[in-house]
Amino acid sequence: VTTIKSLPESKQSTEHTLIIHFLPQAIFHVRAVTRCSASLPGHAEAILAVSFSPDSSLLATASGDTTVRIWNTRSHTPDSTLRLHKNWVLTLAWSPDTNEKTKLASACKDGLICVWMKASNSSVELRGHSRWVTSLSWEPLHSAHSASSAESVRLVSGGKDGSVRVWNALSGNCERVMSAHTAGVTCVVWAGLGHIFSASQDRTIKVLSDQSGALVRSLDGHGHWVNTMALNTEYVMRTGALEPGEEVSNSSAAARKRKAESIENGEDASVSEIAKKRYEALLKQSHGKEWLVSGSDDFTLQLWTPGESEKPIARMVGHQQLVNSVQFSADGTYIASGSFDKSVRLWNARTGAFIATFRGHVGAIYMVRFSSDSRLLLSASKDSTLKVWKTSSAKAAHDLPGHADEVYAIDWSPDGTQAASAGKDKIVKFWRH
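*Asks:* Got a minute to help me understand the overall build of the protein in this structure?
*Replies:* A tally of regular secondary structure across the protein gives 5 helices and 32 strands. Here the protein holds 433 residues, and 58% of them are scored as buried. Summarising the internal contacts of the protein: among those between residues at least 6 apart in sequence, 51% fall at separations of at least 24. Surface accessibility of the protein: about 17600 Å² in total, with carbon and sulfur atoms responsible for 49%.

Shown next as structure tokens:
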């Protein structure tokens, strides 16, 4: 009625149908991080990767000093130091498991992959790559082979040697080697509909079957190296059976632990069933399809539905230098891209249409990360600062100085309560509201 009355009298009619377009938003709010709550030394060389665990209770950092350090995010104190590698540790990946079944995979420049088991505080070494490993991704919890034990045990790795390998993290066996690429693999993603996606310096993205390893299709469209990829379902697969709204509305660590234990003990639906429901709910919003975005040295992004077609939906242009980082928002509404041209760009995830450019950094953008409610975006730059942006107004909300040198890696906790950053100054910083 209000909408009809707002129209000129000549156009007012109860017989007209008004089409109202809307986007569902998260029912919880993540507050912007505005202050540094802790600065933690410990690493002896530059920190190359940071990653929060699915329940946000731990943060892992990987460094050029060959160690992986695990930090307690509640007390901001060191938890463990993993001395498993002999060379630079380049990448990290947490399994999407709950509580004590959580596992952390790390990979280094020697081609060694190590998997740390939280429950037993033990590790498994995975050897097979002849050159350094660039990317790791765990099998989604809802499609894990060990669904009876509610645990993700397989992961995929991509390396500079051009191979993609599937591993069993418990036994340490390499189940499959896929050599579809003719150059080094830069990024791998284990999707939720039975596919593995791998991007390479051979300018292609390969769609591989996660069961047989067979090549399903090749996505050719970029004119230079493909640097990065992201899936619209990445957030729900990362968090598995943990619901972010509950984490934000009830930040009690004891409450989170009780929730995880009740899931594992079968008091709630099984872990895999909860993870599958969360995944299918998001998939329904995207018409039953998984959407993939890729960023390249050719200054462009490409939007794909790789499970159905080898042709891109949209070619997204605008950046003036190589695209280094891309990510979908948690609800699959937006895509953010960071480039060496010092800008962050926001795109419509359905059509690939350009929405806004965020300018403010005076150095190359190394990484972008969305908050779990999709309303805020965090960027890290060569200029030693982080910036928080509002997706609704396309304006900077907060400037976060503090690092003494380039910021290589950032992550926003899945529960939305804090963010972490690290880089060339060897310091891990936690940020809160």
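*Asks:* Mind showing me how you'd approach the nonpolar core here?
*Replies:* Grouped burial of nonpolar side chains is what soluble globular proteins tend to show. Ranked by size, the top nonpolar core spans 18 residues in total, and within it Phe 197, Ala 199, Ile 205, Leu 219, Met 229, Leu 231 and Leu 292 carry the most contacts. Of all elements in the fold, only strand E14 (185-190), strand E15 (195-200), strand E16 (204-209), strand E18 (226-231), helix H2 (234-239) and helix H5 (271-285) reach the threshold of two or more residues within this core. Ignoring sequence-local partners within four residues, the contact set of Ile 205 consists of Ser 198, Ala 199, Arg 217, Ser 218, Leu 219, Val 226, Met 229, Leu 292, Ser 294 and Trp 304. Ala 32, Leu 376, Leu 386 and Ala 419 belong to the second-largest nonpolar core, a separate cluster that totals 16 residues.

*Asks:* Just to check I follow, could you spell out the sheet that holds strand E25 (residues 354-359) for this structure?
*Replies:* Within a beta sheet, neighbouring strands are joined by backbone hydrogen bonds and run either parallel or antiparallel to one another. Strands sit in the order E22-E23-E24-E25 across an open sheet of 4 strands; the sheet is antiparallel. One side of each edge strand has no neighbouring strand; the edge strands of this open sheet are strand E22 (323-328) and E25. Taking the axes of each pair of neighbouring strands and ignoring which way they run, one obtains an average angle of 20° across the sheet. Bridge count for E22 against strand E23 (residues 334-339) is 5 bridges, and the pairing is antiparallel. Bridging from a neighbouring strand, Val 326 pairs with Ser 337 of E23.

*Asks:* I keep staring at the packing of aromatic side chains and nothing clicks. Help me out?
*Replies:* Any pair of aromatic rings gets described here by the distance separating the centres and the angle formed by the planes. Applying the stated criterion across every chain yields a total of 5 aromatic pairs. Centre to centre, the rings of Phe 340 and Tyr 366 are 6.0 Å apart; their planes meet at 75°, and the pair counts as edge-to-face. Remark: Tyr 366 occurs in strand E26 (residues 365-370) and Phe 340 occurs in the loop between E23 and strand E24 (343-348); sequence separation between them is 26 residues. Centroid distance Trp 347 to Phe 354: 5.7 Å. Interplanar angle 75°. Geometry classified as edge-to-face. Owing to a relative accessible area of 43%, Phe 354 belongs among the partly exposed residues under this scheme. Through successive ring pairs, a cluster of aromatic residues spans Phe 340, Tyr 366 and Tyr 408. Taking the ring centre of Trp 132 as reference, the NZ or CZ of Lys 109 above it sits at 5.5 Å.

*Asks:* Would you explain the sheet that holds E16 in this entry?
*Replies:* As summarised here, the arrangement of the 4 strands in space is E14-E15-E16-E17, forming an open sheet in which the pairing is antiparallel. In this open sheet, the two strands that pair with only one neighbour each are E14 and strand E17 (215-220). Ignoring strand direction, the axes of neighbouring strands in this sheet form an average angle of 20°. The sheet contact formed by E15 and E16 spans 5 bridges and is antiparallel. Bridge pairing links Phe 197 to Val 207 in E16.

*Asks:* Please explain the side chain of Arg 278 as it appears in this structure.
*Replies:* Relative to the assigned elements, Arg 278 resides in helix H5. What makes Arg 278 buried here is its relative accessible area of 10%. At 2.7 Å, the side chain of Arg 278 forms a polar contact with the backbone oxygen of Gly 240.

*Asks:* Help me understand the environment of Trp 190 in this model?
*Replies:* Here Trp 190 lies in strand E14. The sequence separation of Trp 190 and Leu 155 amounts to 35 residues, and the corresponding C-alpha distance is 8.0 Å. If sequence neighbours within four positions are ignored, Trp 190 has contacts with Ser 137, Trp 138, Glu 139, Pro 140, Arg 154, Leu 155, Val 156, Val 166, His 195, Ile 196, Asp 210 and Met 237. Polar side-chain contacts of Trp 190 include one of 3.2 Å to the side chain of Asp 210.

Rules and cut-offs
Residues numbered from 1 in each chain as written. Predicted model: local features only at pLDDT ≥ 70, side-chain atom pairs only at ≥ 80, totals over all residues. Heavy atoms only, no water. Helix = DSSP H or I, 4+ residues; strand = E, 2+ residues; numbered from the N terminus. Buried < 20%, exposed > 50% of the residue type's maximum accessible area, 1.4 Å probe, protein only. Contact = heavy atoms within 4.5 Å. Areas by Shrake-Rupley, 256 points an atom, 1.4 Å probe, with all protein chains shown as cover. Core = buried A, V, L, I, M, F, W, Y, C linked by side-chain atoms within 4.5 Å. Pairing = 2+ DSSP bridges. Axes fitted to C-alpha atoms, helices over the stretch in contact; angles between N-to-C directions. Phe/Tyr/Trp six-rings, centres within 6.5 Å; stacked < 30°, edge-to-face > 60°. Lys NZ or Arg CZ within 6 Å of the ring centre and 35° of its normal. Polar contact = N/O pair within 3.5 Å; in protein donor to acceptor, adjacent residues only side chain to side chain.

Purely geometric stuff here, so don't read any function into it on its own.
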